[in-house]
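# Structure at a glance
The primary structure of each chain is shown beneath.
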Amino acid sequence: MEWYEIETFLALAEELNFTRTAERLLVSPGRVSQTIKKTERRIGGALFERSSHHVALTPVGRQL
């Protein structure tokens, strides 16, 4: 994993909100989403459960 992927994962795991994570990292929410999707493809599983009003870590995300 690249440093920015780790940083994005950790920030989203703490914030559990794409907008606040983006503000914290000074990037767009789309960039946060893109980075997480790339990381999930690399790992081979979902790290977060997402809905329009909810973000939570999956068991794989908790292990990471």
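A short tour of the structure in this document, coming up. (Residues numbered from 1 in each chain as written. Predicted model: local features only at pLDDT ≥ 70, side-chain atom pairs only at ≥ 80, totals over all residues. Heavy atoms only, no water.)

## Structural notes on the nonpolar core
Nonpolar side chains tend toward joint burial in soluble globular proteins. Basically, it comes down to this: Working definition of a nonpolar core: buried Ala, Val, Leu, Ile, Met, Phe, Trp, Tyr and Cys residues. They are joined through side-chain atoms within 4.5 Å. Accessibility here uses a 1.4 Å probe with only protein chains present; expressed as a share of the type maximum, an area under 20% marks a residue as buried, one over 50% as exposed, and anything in between as partly exposed. Counting from the N terminus, the helices are the DSSP runs of H or I reaching at least four residues and the strands are the DSSP runs of E reaching at least two.
Ranked by size, the top nonpolar core spans nine residues in total: Phe9, Leu12, Phe18, Ala22, Val32, Ile36, Leu47, Phe48 and Val55. Elements with a contribution of two residues or more to this core: helix H1 (3-15), helix H2 (18-25) and helix H3 (29-43).

## Quick word on the environment of Ser28
Relative to the elements of secondary structure, Ser28 occurs in the loop between H2 and H3. Between the C-alpha atoms of Ser28 and Phe48, which are 20 residues apart in sequence, the distance is 18 Å.

## So, the packing of H2 against H3
Stated formally: Note on method: axes are straight lines fitted to C-alpha atoms, helices fitted across the in-contact stretch only, with angles between N-to-C directions ranging 0 to 180 degrees. With respect to orientation, any angle under 35 degrees is reported as roughly parallel, any angle over 145 as roughly antiparallel, any angle of 65 to 115 as roughly perpendicular, and every other angle as oblique. Whether two residues touch is decided by their heavy atoms; if any such pair falls within 4.5 Å, the residues are in contact. Each residue receives one of three labels: charged for Asp, Glu, Lys and Arg, nonpolar for Ala, Val, Leu, Ile, Met, Phe, Trp, Tyr, Cys and Pro, and polar for the others, Gly being one of them.
Where H2 meets H3, the axes come as close as 8 Å, and the angle between the chain directions of the two elements is 100°. Relative to H3, H2 is oriented roughly perpendicular. Residues Phe18, Thr19, Thr21 and Ala22 of H2 form the contact with H3, whose participating residues are Pro29, Val32 and Ser33. Classifying every residue of the contact of H2 with H3 gives four nonpolar, three polar and no charged.

## As for the packing of aromatic side chains
Put simply, the rule reads: Here the aromatic set is Phe, Tyr and Trp, taking the six-membered ring for Trp, and pairing holds for ring centres within 6.5 Å; pairs whose planes are under 30 degrees apart are stacked, those over 60 apart are edge-to-face, and all others are tilted.
Enumeration according to the criterion identifies one aromatic pair in this entry. Summarising the aromatic geometry, the rings of Phe9 and Phe48 are spaced 5.6 Å apart at their centres and angled 50° between planes, so their arrangement reads as tilted. Within this pair, whereas Phe9 is found in helix H1, its partner Phe48 is found in strand S1 (residues 48-50), the two being separated by 39 residues in sequence. Classification of Phe48 by relative accessible area gives buried; the value is 2%.

## Topic: a positive patch on the surface
Rule in force here: Note on patches: the residues involved have over 30% relative accessible area and no salt bridge, like charges join within 9 Å, and the nonpolar side chains Val, Leu, Ile, Met, Phe, Trp and Tyr join within 5 Å. Computed with a 1.4 Å probe, the accessible areas rest on the Shrake-Rupley method; for each residue, only the protein chains presented here act as cover. The rule for a salt bridge is simple: a side-chain nitrogen of Lys or Arg has to be within 4 Å of a carboxyl oxygen of Asp or Glu. Positive residues here are Lys and Arg, negative ones are Asp and Glu, while His and the chain termini are left out of the count. Charge positions are represented by NZ for Lys, CZ for Arg, CG for Asp and CD for Glu.
On the surface, Arg31, Lys37, Lys38 and Arg41 cluster together into a positively charged patch. Along the chain, Lys37 falls in helix H3. Judged by its relative accessible area of 43%, Lys37 is partly exposed.

## What to know about the packing of H1 against H3
Where H1 meets H3, the axes come as close as 10 Å, and the angle between the chain directions of the two elements is 110°. When the axes of H1 and H3 are compared, the pair comes out roughly perpendicular. Within the contact between the two elements, H1 uses Tyr4, Glu5, Thr8, Phe9 and Leu12 and H3 uses Arg31, Val32, Thr35, Ile36, Lys38, Thr39 and Arg42. Of the residues contributing to the contact of H1 with H3, the split by class is five nonpolar, three polar and four charged.

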